[in-house]
Every structure is written in C-alpha cells, then in structure tokens.
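Secondary and tertiary structure notes
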Amino acid sequence: MNEVDAPVRDAPGPAGPGGLGPGDLRTLLDEGTRAVVDRGDLRTGRDRFERAFRVAESAGEDRAMAVAALGFGGLWVHEHRTVAGSVLLESRIRRALKTLDPRSSLALRLRIRLAGEGDYRNRDTTAVLELLEQARAGQNPMARAEALSLAHHCLIGPEHGALRRELAAELVAESFRTARRSDLLMGLLWQTVDMFLDGDPHAERCLSELRGLLAEQDHLAVGFVVSAMEVMLAVRAGRLDEAETLARACTERGIAAGDVNATVWQAAQLVTIRWYQGRVVELVPLLSEVVNSPTLSAVDDHALAALAVAAVTAGDRRKAVSALATLCGRDLGDLPRSSSWMVTMHGVAEAAFLLDDNATAARVHELLSPYAHLPIVGSLAVACFGSAHHALGVAALTLGDVDRAVVHLRDAVRQNLALGHWPAVTASWERLAVALVRAGRPDEADAVRREMAVAAGSAGPTPGTVGASGPRGRDQDRPDQDRPGRDERDRRGQDQDQAYGDRRHLDRGDLAPKDRHGRNRNGRDSGGEDEGGPEQEGQEADGQEPDGQEQPPASCTRLGRKWRVGFGGRSVLVDHSVGMLHLVVLIANPRQEIRAVDLVAGLTALDGAAERSVPSGQRALDRVAMREYRGRLARLRVELDEFQAAGDPDRAAVAQAEHDWLVGQLASATGLAGRARRFPDGGERSRVAVSKAVRRALDRIAAADPVIGEHLRHAVHTGVRCSYWPA
C-alpha cells in the first residue's frame, strides 16, 4: 500500500474549527465510516464527514480531507440532489484530487465517485466503466468494490440487465476480500434488484437471504430498500391497505437512514396504491408538488407522467396536456433511460390513451417494444405496474390497432400471473375485454369477464384487495344493457333521451358524432342500450355472485363539494350533481322502489310524501349541460383558429364537426331567445329527468372507477319507479 493510502493517524498539527485537533479529526472520520459502512446511517455519516472535511481543510491535512470528501459522497450515487449539494460534493472531490498522488488508490476511488456522479446525471456510463477497469487492474479491493457498486447504480436502466447481473455477482465475491459487511449487503441487494427488474421468478429467494442478514445486524440504508420492496410485494398480492401501512413504515425507515429517497419513494408507492384502487385523481395536489421537488432525481420523470394521468382523470385536461407535452419535449425518446423510465413510459401510455394522443401512443409503442418481456418496475424495485405488454396494449388501443392490442394484453395477463401481480392481472383482463369488443369478438370478451369473475371468487374477500385497472375513462366499451327488472316504460322516452344518448360521455369530452365504425373522434365505441339483454357476466339470475354470496351494498358520503362512492373495498370521488342526489337516496334505501316524481320533488319524499305535484317545466337540457355545451363551443372556436393558423386541416375538420354537432344539439334543446325547451307531462318528465340525471352520474362514476360504475349500472334501476338492488 502506498503511503498516501495509509489510515489517518494522530499527528501534530494546528487545531481546526471550533478548537478541534487532529485526534478529533480521526474521531470524526472513524465515526463517519462506522455510520455509513457498518450501520447504513447516511445522515450521521454526512454530518461527520462534513465536519471532518472542514477540520482537515483548516488544518492542512490533505489526505484526511480526501477521505472526508469521499465519505461525504455517501453509499449511493446521486445522494446530493440539489444543485448546491451536488456542486459542493464535486468541488470538494476535485480539490482533494489536486492534493493526492494520482497513482494512489485513494485518488482512484475519488475519480470513481466523481465519474459515477457525472455519468448518472448524464446517463452515460463510459467514464465509470473505464475506471472500473482500472480498479480491476489495481490492488485495492475497496476501490474495486466501490467501482462495482457505483457502476451498477449508473446502469439501472432496461437495456443493461445482463451487465448489471455480472457486476452484482462480482461485488458479492469482492466483499470477501474487503471484509466489509456493507459490500456483501450491497452485492446481495443489487442482485435482488436485478432479479425483480428482470421478472426473475426467484427474486424473492434472494430477498429472503438479504432479510436474514439484516435480521442478524441491521443496516439502515439497505433495510430501507428492503422495506420498500415489501411494499411493492404487498401491492402485487393485492393487499393494498396493508401496502399503505407498510409504505408509512418504509418512509420512517428512510428518514431514519437519512436517505434522500424517503419522501420520493413514498409518493411513488402512494401513486401505485391509488392507481390500483382507482383513486389516482386524489393525488393531483401531491403530484403537482412532487414534480418540482428538489429531492427528485434529475433523471426521474415518473411523477410528471403520473400527474398527466391524474389530471385528465380529474377532468383537468389542460394540466394533463401540459404535463404530457413537457415530458415529450422535442422527442419522447430523449428521456433518460433511468431506473424510472419504464414506469414513466407506462404513465405516458395511459395518459395518451385518455387524451387520445395517437402520436404519443405510437412513440411509446416504438420505444417500449424492445423491453416488452420486462415488468414495469420502478427504481430499486420499489413499485411495480405489471408487464410492459400492458402499456403496449394500451398504446395499441389508442392507435386503433385492436388486433395487436389483443396480442399484447393476452401476453400481459400471462406475465402478470407469473409475477403474482393480481391487481395488474385484473387490469390487463379488463383492457383485454375492451380490445376484444372493439375487435368484434364479444364472445371472447365475455369469456375473459367470466374468467375474471371466477378468479375474483376463488381469491375470497381480502381487506383492501382490489382488481382495478387504474385511472381510466375510456374503456367502458361494453354496450349498456337494460338491467333485469328495469321498468319497461323507461323505453318510451328513447326519443326524448336521444340527446342524452349522444352526450352521455360529456364529462369525458366525448362530444363528437359517431363514425362509420360506431366510434367517435376519441376512439370510444358508442354505448347505446340493447333491448332486453341477458344477465350480466359474473352474476346469477337471482342477482348474487357466482359463489352464492351477496354483494355488499355501495355507500355514498358527502365530502364538501364532492361525494365519495364506495363499493367492495374501493372508493372514488365524484362531483356533486342532481344525479348524485338521486343515487344517494336510492343507495340509502336498498331494495325499495321510489317514484321518480318523489325523487324530483326532493328528499322529503322519503318521509312518505307520495302525492305531490312536480314543478312544471322540466328542461329538456338542464342549465349545467347547456353551460358545458356553450363552454365547449367557445373552446372549440379557439382551437379552430389555432388549427387553421397552424395549417392543420385534419384537426380543424374534426373540431369543426364537433362544433357543428354541438350547435345542432343546442338548437334542438332551446326555443325562442335561447330558452330551454320544456317537457309537457309531470310524471313522464320526472321519469326522463331522473333517468338522465342518474345516468350522467353513473357515467361520471364509471369514468373514474369502472368497477364501481359497472356495479351501479347493474344494480340501479330507473323508470317511473326507481330502486337500488345490490344483490
């Protein structure tokens, strides 16, 4: 060992800041090393090495200053996220390098750290891999171990799986030469991460070995990552309530370790949980903050993709389009292939689907196709969204390539079953059924739904377990059917309901007339009612589940200007509306018939008021609908001007068609001076008004959560008499 590589020893010298002398400098360095290497306490390590650097700098202890600069970098790459923090670290390393013999192992270790920091941010592994080769040729095992771990971290991207596995195995072997327990833990951790990223069926075996070592002696930093993996596995198992509890404990571990990812991973875990609960809309405020957080890695874009999905699900199309445009930049392919890239592509595919963005969907499909065999796993296996084939299938659906979508989604179901990711299995089943309907294969779609029902029944009720396919508002392609027991007289208002039938997806922007394939400009299939449909899949004729157990009823709770609608462990927030008031009354009185005239008259009908007059002059198109139509017309005029100015005749033609259709709808629903037309008969107009209002509310619920929406569409019956029959 060169003299410059020898341990720091007590030596006479000037006192440092605060009167600290050389002995204190050694204590600070020893405490920092034990904190990071032995205990994984990154917070304490940073504090000790920070103080040691200042003492060494003041005392002129060049080698001690270099050791402190190296230790200040921490265990992982890119621990210093802020601009000031990263500049401070790199400036200290460069200053220390000037004082060292460039042939020394300590200088090599500093260069490795510097290269790792730069390569990680720039997504260019050339420098760190070159220095790894130098470390392999040298005699210092610690330099090799650090180079292997930092290089591995820089290679966390979908294209480097094979090389990462080689480095992780080499690090485990090198740990027996360094005799540092942290090197063994890091080697096993990287192996576990790689196996999860590759979808290896034996990943949990490696995780069990790692758990065993941590049980013998804890390591805060490695234990934090393991606890994050436990959250991911709970989500895969569909134990979402448990996953949320584990996520809180995981965050506490991360904070205790001083890991900068503590709050970032918490947000990612919450997005995953809410995604499969169908509640991602609740995360718009959180994600709006996270995307601008200085603790978010410079190469991490997943939060922006999640924000685009959450925003469009919440109805904020402007925010969603802006987030997606920011992600795409000049080209979506310019996004760094970081540890969050696959998750980001998954979110972009979903956002493009909801926004009908064909160009973005095509680019996602092109970029993600080489990694179709991989699962969508984020960071160090802290979140999983199932098979990449699911995102590819969603992209194909957006493009209208239904045959390709079917192939992808069948593969997604198979791979998600192999992963044991039950929420993702259900998500892919649901999208597969949509693709089959669009492909004109309804019998196969019915078979998929029956398979879903059997799987759900065999799983049994588990608290917090759901099978949602995430935030979607476009995949209710299955035609509505007249529910068993629906009042036949409800059909007499079909002519009057035609305006509603054309605008039933208003809240999802589905305003355009249908094309020759029965789909509108947004690619959604039309959803008219079928005459006298059969019993719905997954239900017997008596309204019970296939296993004979009754479904629990839905619930509605008022939260300010919104309602929380719950069913089967799921819940969703929807805006207040007249239709929601009617639903609240029906759900609060299951299996009871309530006359439409009483619902219109008000909630006092529940007290037994049967014979009361209904306010005359019910509008054929309510004020809210007319305001929405007119607001959309105003926006369309702006869009028309923009498209024409940009020389985009295709999009201008689509906008013009929607504009003309809306004008026609308003003209048919209004009379002189733009006043709303009114229905003639009290009982009949009550029936039509309640039917329209309830169906609008059901559309809003189904757009936010298809599972709850499907249940209510089966269970809520409207007509002259209305009712809610949960089973």
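Residues numbered from 1 in each chain as written. Predicted model: local features only at pLDDT ≥ 70, side-chain atom pairs only at ≥ 80, totals over all residues. Heavy atoms only, no water.

Bringing the overall build of the protein into the picture now. On a plain count of helices and strands, the protein comes out with 29 helices and 8 strands. Looking at the protein as a whole, 56% of its 727 residues are labelled buried. Considering only contacts in the protein between residues 6 or more positions apart, those separated by 24 or more positions represent 66%. (Helix = DSSP H or I, 4+ residues; strand = E, 2+ residues; numbered from the N terminus. Buried < 20%, exposed > 50% of the residue type's maximum accessible area, 1.4 Å probe, protein only. Contact = heavy atoms within 4.5 Å.)

Before going further, it helps to examine the pattern of salt bridges. Following the criterion strictly, the structure yields 38 salt bridges and no others. Of the charged contacts, one joins Glu242 and Arg239 as a salt bridge, the two residues approaching to 2.6 Å between their closest N and O atoms. Judged by relative accessible area, Glu242 falls into the partly exposed class, the value being 35%. Via salt bridges that share partners, Glu244, Arg274, Arg279, Glu282 and Arg564 belong to a single interconnected network. (Salt bridge = Lys/Arg side-chain N within 4 Å of Asp/Glu carboxyl O.)

This paragraph deals with the nonpolar core. Formed by 161 residues in total, the largest nonpolar core has its most connected members in Trp76, Leu110, Leu189 and Trp190. In terms of residue count, the dominant contributor to this core is helix α11 (residues 220–236) (12 residues). Every residue in contact with Trp76, bar those within four places of it in the chain, is listed here: Leu42, Arg113, Glu117, Leu150, His153, Met186, Leu189, Trp190, Ala221, Val225, Asp259 and Leu380. (Core = buried A, V, L, I, M, F, W, Y, C linked by side-chain atoms within 4.5 Å.)

Take α11 next. Every α-helical turn comprises 3.6 residues, leaving residues that sit three or four positions apart pointing alike. Spanning 17 residues, α11 covers 25 Å between terminal C-alpha atoms, matching the ideal 24 Å at 1.5 Å per step. Where burial is concerned, most of α11 is hidden: 15 out of the 17 residues are buried. Of the residues one or two after α11, Gly238 is the one with positive phi, at around 85°. (Expected span 1.5 Å × (residues − 1).)

By the bridge criterion, 6 bridges tie strand β4 (residues 562–567) to strand β5 (residues 570–575) in an arrangement that is antiparallel. When the bridges of β5 are listed, Val565 appears paired with Val572. (Pairing = 2+ DSSP bridges.)

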